[in-house]
Amino acid sequence: MTVSSYEEWRPVLAPGRQVSCLWTRHQAGGSSYEQLVVPDGCVDLVWSDAGLEVVGTDRVPRRVPVRGGAELAGVRFRPGAAGLLLGAVPARDLCDLQVPLAEVVGAATARRLGERLARTRGPREAAAELDAFAAALAPGWEPDRVVERAVAALGRAQGARLPELAAELGLSERQLRRRVTDAVGYGPKTLHAVLRFQRALACARSGHGDGHGGRDGGGAGAEPGLAEVAVRAGYADQAHLTREVRRWAGVPPTVLLGRSRGQAARASS
């Protein structure tokens with residue numbers, strides 16, 4: 001029998017303002033399977049038997065093979081906060097990509113982290129090392145306050161019109177689009193759609209719409225109907241919700257929300 005277990009929790013050492021969560025996945029048993037991964041606007045640093053990899057923001061859903069017996073750990077950076085890990089590398093350069101950590105932070109830094117991870121006993125300890133690594137990046141890094149405000153505005157159910165948001169932030173529309181794309185991986189319009197989709201997932205699984213659904217869902221609790229989810233998440237109606245879920249997950253809402261619960265991580269091959 002194959003059982004896939006997933007856990008996520010808030011960082012202990014890394015700044016919660018930039019780091020959304022730490023997570024682990026364990027694939028017990030000998031069978032492999034494909035994990036559906038959906039866009040969430042986040043960048044992850046993932047440890048697995050393939051090594052340390054940076055997973056950029058996704059623009060389309062994808063299915064990631066997970067082998068039997070696999071153990072993974074990760075740290076997830078909030079939308080717009082990947083600069084803490086990426087430094088001078090724009091997030092747009094990693095969109096839809098999964099690259100070795102060494103290509104981002106240099107071979108020496110990646111090797112030192114890999115050596116510490118090699119001494120851990122299981123994915124939970126590995127996640128703690130990733131937490132410490134992310135925390136060590138924080139001193140001296142200054143977040144882009146404009147991007148933070150833009151992401152917050154775009155994450156609201158009512159959204160924000162780009163001309164008005166740009167004016168509020170003291171930028172032209174072109175400047176705002178470039179700043180958000182560099183920090184997130186895609187522009188404000190796409191980010192708003194992705195965050196609304198994630199809000200719908202959180203609402204459907206937890207019974208309210210103020211959470212984050214994760215790359216492949218998650219949460220538990222009373223489940224509202226799809227029409228109610230659509231209204232709470234900021235969609236025009238249930239048909240609008242259905243179209244957007246198909247766009248970002250490749251399956252209808254009934255299929256996506258019927259998948260196994262508690263599996264909200266990005267997987268890695």
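Just so we're clear, the structure is a prediction, and the values are computed from it rather than from any experiment. (Residues numbered from 1 in each chain as written. Predicted model: local features only at pLDDT ≥ 70, side-chain atom pairs only at ≥ 80, totals over all residues. Heavy atoms only, no water.)

1. So, the overall build of the protein chain
In terms of helices and strands, the protein chain carries eleven helices and eight strands. Looking at the protein chain residue by residue over its 269 residues, the buried ones come to 51%. Summarising the internal contacts of the protein chain: among those between residues at least 6 apart in sequence, 72% fall at separations of at least 24. (Helix = DSSP H or I, 4+ residues; strand = E, 2+ residues; numbered from the N terminus. Buried < 20%, exposed > 50% of the residue type's maximum accessible area, 1.4 Å probe, protein only. Contact = heavy atoms within 4.5 Å.)

2. Quick word on the packing of aromatic side chains
If you walk through the whole model with that rule in mind, you get one aromatic pair. A cation over an aromatic ring shows up here: R124 above the ring of W9, its NZ or CZ 3.6 Å from the ring centre. (Phe/Tyr/Trp six-rings, centres within 6.5 Å; stacked < 30°, edge-to-face > 60°. Lys NZ or Arg CZ within 6 Å of the ring centre and 35° of its normal.)

3. Considering the environment of A249
Along the chain, A249 turns up in helix α10 (residues 238-249). Owing to a relative accessible area of 3%, A249 belongs among the buried residues under this scheme. Sequence-wise, A249 and V60 are 189 residues apart; in three dimensions their C-alpha atoms are separated by 7.5 Å. Beyond its immediate chain neighbours, meaning those up to four positions away, A249 contacts L36, V38, P61, F197 and L256.

4. Section: the side chain of R199
Following the sequence through the fold, R199 ends up in helix α8 (residues 188-206). Judged by its relative accessible area of 6%, R199 falls in the buried class. For R199, the side chain forms a polar contact with the main-chain oxygen of G155, separated by 2.5 Å. (Polar contact = N/O pair within 3.5 Å; in protein donor to acceptor, adjacent residues only side chain to side chain.)

5. Points about the nonpolar core
General note: in soluble globular proteins, nonpolar side chains tend to be found buried as a group. Of all hydrophobic cores here, the largest spans 40 residues; its most connected members are L176, L191, F197, L241 and L256. Elements that contribute at least two residues to this core include exactly α5 (145-154), α6 (162-169), α7 (173-184), α8, α9 (226-233) and α10. The leading source of residues in this core is α8, at nine residues. With near-sequence residues (within four places) excluded, L256 lies in contact with L36, F197, L201, R205, V245, A249 and V251. (Core = buried A, V, L, I, M, F, W, Y, C linked by side-chain atoms within 4.5 Å.)

6. Thoughts on the pattern of salt bridges
Close approach of charged atoms lets side chains of opposite charge pair. Going through the model one piece at a time under the given rule, you end up with 19 salt bridges. Between R59 and D96 there is a salt bridge, with its nearest N and O atoms 2.6 Å apart. In this pair, R59 is assigned in the loop between β5 (51-55) and β6 (62-66) and D96 in the loop between α1 (83-86) and β8 (98-100), connecting sequence segments 37 residues apart. The exposure class assigned to D96 is partly exposed, which follows from its relative accessible area of 31%. Ionic pairing is found between E142 and R145, a salt bridge with its closest N-O pair at 3.0 Å. Owing to a relative accessible area of 57%, E142 belongs among the exposed residues under this scheme. On the basis of relative accessible area, R145 is assigned to the partly exposed category, the value being 38%. Taken together, the shared-partner salt bridges in this structure form one network comprising R17, E142, R145 and E148. (Salt bridge = Lys/Arg side-chain N within 4 Å of Asp/Glu carboxyl O.)

7. Points about α9
All buried positions along α9 are accounted for by L226, V229, A230 and A233. An end-on view of α9 places all buried positions within 100 degrees of arc, on one side of the element. Buried residues belonging to α9 abut α8, α10 and α11 (253-256). Phi turns positive one or two residues past the end of α9, at G234, with a value near 105 degrees. (Arc of directions from axis to C-beta.)

8. Here's the deal with the packing of α6 against α7
Any two packed helices are characterised by how steeply their axes cross, that is the angle between the axes, and by the distance between the axes. Their axes nearest at 9 Å, the elements α6 and α7 cross at an angle of 85 degrees. Judged by the inter-axis angle, α6 sits roughly perpendicular to α7. Taking contact as the criterion, the partners of L162, P163, L165, A166 and L169 in α6 are, on α7, E173, L176 and R177. The class makeup of the residues in the contact of α6 with α7 is six nonpolar, no polar and two charged. (Axes fitted to C-alpha atoms, helices over the stretch in contact; angles between N-to-C directions. Parallel < 35°, antiparallel > 145°, perpendicular 65-115°, else oblique. Nonpolar A, V, L, I, M, F, W, Y, C, P; charged D, E, K, R; others polar.)

9. Notes on the side chain of D58
Positionally, D58 belongs in the loop between β5 and β6. For D58, a relative accessible area of 2% puts it in the buried group. Within the local environment of D58, its side chain forms a polar contact with the side chain of R62, the two groups lying 3.1 Å apart.

10. Some words on the environment of F197
Tracing the backbone through its elements, the reader meets F197 in helix α8. Spatially, the C-alpha atom of F197 lies 7.1 Å from that of E244, the residues being 47 residues apart in sequence. Beyond its immediate stretch of four places on either side in the chain, F197 contacts V38, P39, Y235, V245, W248, A249 and L256.

11. Quick notes on the packing of α8 against α9
α9 packs onto α8 with a crossing angle of 135 degrees between their chain directions and a minimal axis gap of 9 Å. On the basis of the axis angle, α8 is oblique to α9. In this structure, α8 crosses over α9, and the sense of that crossing is right-handed. For the pair formed by α8 and α9, the contact residues are R196, R199, A200, C203 and A204 on the first element and V229, R232 and A233 on the second. (Left-handed = near helix turned anticlockwise from the far one by under 90°.)

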